[in-house]
Amino acid sequence: MINGNLNLAIQRKGRLSDKSLELLKLCSIEIENYAERLAISAKNFPINVLFLRDDDIPEYVRDGVADLGIVGEDVIAEKKIELNVVEKLGFGNCKLMIAYPENHPIVKLEDLNGKRIATSYKNILKNFLIENNIKASIVELSGSVEIAPSLGVADCICDIVSTGTTLMMNKLKPSFSIFESQAVLIANESTTKDEKKMSIIAELQKRIRSILAAKNSKYLMMNIPKSSLEQIIKVLPALKSPTILNLADPDMLAVHVVIPTDKFWSMIDDLKKYGASGILLLPIENMII
Ligand code: PRP
Ligand code: ZN
């Protein structure tokens, strides 16, 4: 597509597909009628979205077919391709794990010696075996790795585990993790040297960062007795100075503050102890930092 837009490759069908589209939506980038289409231009942002197999994305980005890509760190490591990681995206978290049939006894790492391990992550697995001085044979498959033990072509598998549903459905149990991964935004080398293209990437990056920051924060609102202001401030995380507002009742104040989401439950008892009431915790859509 030669329309001056940047080409962004995302996974066509798989774990990262919906989340990648959701991220674009949160960035206020509108993609319409993408079902069954291979490429489509965004309505209100200068990018074309290409829907590809995730395993092909690192090569397409390296070769400049796509300027940008959203892909798992697992796929990049397996392809052994050096790429510019523009941003870690905080979704698509998963582990590359060795998994055995459910009825297999509990195993130690050394028990992998002499085993046949089915995987589509031959390179990562090979490194892991070498580092741990294990001699096992690798059965390389391009997909449906999870059925290899029941077909008798392997003793165990090495595959991506996210929710664990695939393993459970195939009567496999995870043993140990050999690689951890999340989705990242990658960019082609020459794209990052082009000023015009970089300004589009910078805009995208700004929006992504604000979404990631907002995801981890909440807006806390509450009313407190004026007399406990000092104690309440001590309970609040010291990240930001809270907004203090007067209320019609002269003995009360309203306190508004942005807090890290994971701090809320550890604060709530103390806030109540010091008389906080009408506590509201609201989501933040965007946070410019
Ligand atoms: C991986 C893996 C499993 C699934 C595991 O596939 O091969 O099929 O994810 O996820 P779960 O633990 O949530 O069930 P991926 O999305 O990478 O697709 P691909 O193998 O077709 O590239
Ligand atoms: Zn894949």
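The shown structure was predicted, so the numbers you read here are calculated from the model rather than taken from an experiment.

**Details of the pairing of strand 4 (residues 68-72)**
Judged by how many residues are buried, strand 4 sits mostly within the fold: five of five residues are covered. What you see with strand 4 is no split at all: L68, I70 and G72 on one side and G69 and V71 on the other are buried throughout. Relative to strand 4, strand 1 (residues 6-11) runs parallel, the two being bridged by two bridges. Residue pairing in the sheet places A9 in a bridge with G69 of strand 4. Across five bridges, the pairing between strand 4 and strand 11 (residues 183-187) is antiparallel. Its bridge partner being in strand 11, I70 is matched across the sheet by L185.

**With respect to the packing of aromatic side chains**
In this structure the tally under the stated criterion is one aromatic pair. Here F264 and W265 contribute two aromatic rings whose centre-to-centre distance is 5.0 Å and whose plane-to-plane angle is 75 degrees, an arrangement assigned as edge-to-face. Given the relative accessible area of 7%, F264 is considered buried.

**Some thoughts on the domain arrangement of the protein**
Domain assignment breaks the protein into domain 1 (2-91 + 182-214), domain 2 (94-181) and domain 3 (217-283). Relative placement of domain 1 and domain 2: their C-alpha centres are 29 Å apart. Domain 1 puts nine residues into the contact, and the matching count from domain 2 is 11 residues. Both sides together, the interface formed by domain 1 and domain 2 hides about 850 Å², and carbon and sulfur atoms give 52% of it. On the domain 1 side of the interface with domain 2, the three residues burying the most area are R15, D74 and E78, jointly 63% of the side's total. Between domain 1 and domain 2 we count zero salt bridges in total.

**A few points about a nonpolar patch on the surface**
On the surface, I147, L151 and V153 cluster together into a nonpolar patch covering about 250 Å² of accessible area. You can see I147 is positioned in the loop between strand 8 (137-140) and helix 5 (148-151). Owing to a relative accessible area of 34%, I147 belongs among the partly exposed residues under this scheme.

**Remarks on the site of ligand 1**
With respect to spatial proximity, the complete set of residues near ligand 1 consists of Q11, R15, D54, D55, D159, I160, V161, S162, T163, G164, T165 and T166. A distance of 2.5 Å separates an oxygen atom of ligand 1 from a polar side-chain atom of T163. The backbone of G164 places a nitrogen or oxygen atom 2.7 Å from an oxygen atom of ligand 1. Out of a free accessible area of 510 Å², ligand 1 has 73% covered by protein chains. Mapped onto the shell around ligand 1, the elements with two or more residues apiece are strand 9 (156-161) and helix 6 (165-169). The element best represented in the shell around ligand 1 is strand 9, accounting for three residues. Here the shell around ligand 1 is built from residues that sort into two nonpolar, six polar and four charged.

**A closer look at the side chain of D159**
In this fold, D159 is placed in strand 9. Buried charged residue D159 carries no salt bridge. Nearest counter-charge: R15, at 7.8 Å.

**A look at the side chain of N5**
Tracing the chain through its elements places N5 in the segment before strand 1. Separated by 3.5 Å, the side chain of N5 and the backbone oxygen of I47 make a polar contact. A polar atom in the side chain of N5 sits 2.9 Å from the side chain of N48. Setting aside residues no more than four positions away along its own chain, N5 makes contact with S41, P46, I47, N48 and D67.

**Regarding the sheet that holds strand 12 (residues 217-225)**
Strands sit in the order 13-14-12-15 across an open sheet of four strands; the sheet is antiparallel. The outermost strands of the open sheet, each flanked by one partner alone, are strand 13 (243-246) and strand 15 (277-283). Averaged over all neighbouring strand pairs, the angle between strand axes comes to 20 degrees, with direction disregarded. Those strands touched by helix 9 (residues 264-273) are strand 12, strand 14 (252-260) and strand 15, and its axis lies near 160 degrees from that of strand 15.

**Notes on the pattern of salt bridges**
Evaluated as defined, the whole model comprises 15 salt bridges. Between D67 and K197 there is a salt bridge; the shortest N-O distance is 3.2 Å. Taken as a pair, D67 in the loop between helix 2 (57-62) and strand 4 and K197 in helix 7 (residues 195-215) lie far apart in primary sequence, 130 residues in all. Measuring nitrogen to oxygen at the nearest pair gives 3.8 Å for the salt bridge that ties K122 to E140. Note that K122 is positioned in helix 4 (residues 122-131) and E140 in strand 8, a separation of 18 residues in sequence. The class of K122 is partly exposed, set by a relative accessible area of 28%. Through salt bridges that share partners, E30, E32 and K43 make up one connected network.

Cut-offs used in this document
- Residues numbered from 1 in each chain as written.
- Chains lettered and ligands numbered in written order.
- Predicted model: local features only at pLDDT ≥ 70, side-chain atom pairs only at ≥ 80, totals over all residues.
- Heavy atoms only, no water.
- Buried < 20%, exposed > 50% of the residue type's maximum accessible area, 1.4 Å probe, protein only.
- Helix = DSSP H or I, 4+ residues; strand = E, 2+ residues; numbered from the N terminus.
- Pairing = 2+ DSSP bridges.
- Phe/Tyr/Trp six-rings, centres within 6.5 Å; stacked < 30°, edge-to-face > 60°.
- Domains from an automatic or database assignment.
- Contact = heavy atoms within 4.5 Å.
- Buried area = accessible area lost by both parts, 1.4 Å probe.
- Salt bridge = Lys/Arg side-chain N within 4 Å of Asp/Glu carboxyl O.
- Patch = residues over 30% accessible without salt bridge, like charges linked within 9 Å, V, L, I, M, F, W, Y side chains within 5 Å.
- Areas by Shrake-Rupley, 256 points an atom, 1.4 Å probe, with all protein chains shown as cover.
- Near = heavy atom within 4 Å.
- Polar contact = N/O pair within 3.5 Å; in protein donor to acceptor, adjacent residues only side chain to side chain.
- Nonpolar A, V, L, I, M, F, W, Y, C, P; charged D, E, K, R; others polar.
- Lys, Arg positive; Asp, Glu negative; His and termini not counted.
- Axes fitted to C-alpha atoms, helices over the stretch in contact; angles between N-to-C directions.

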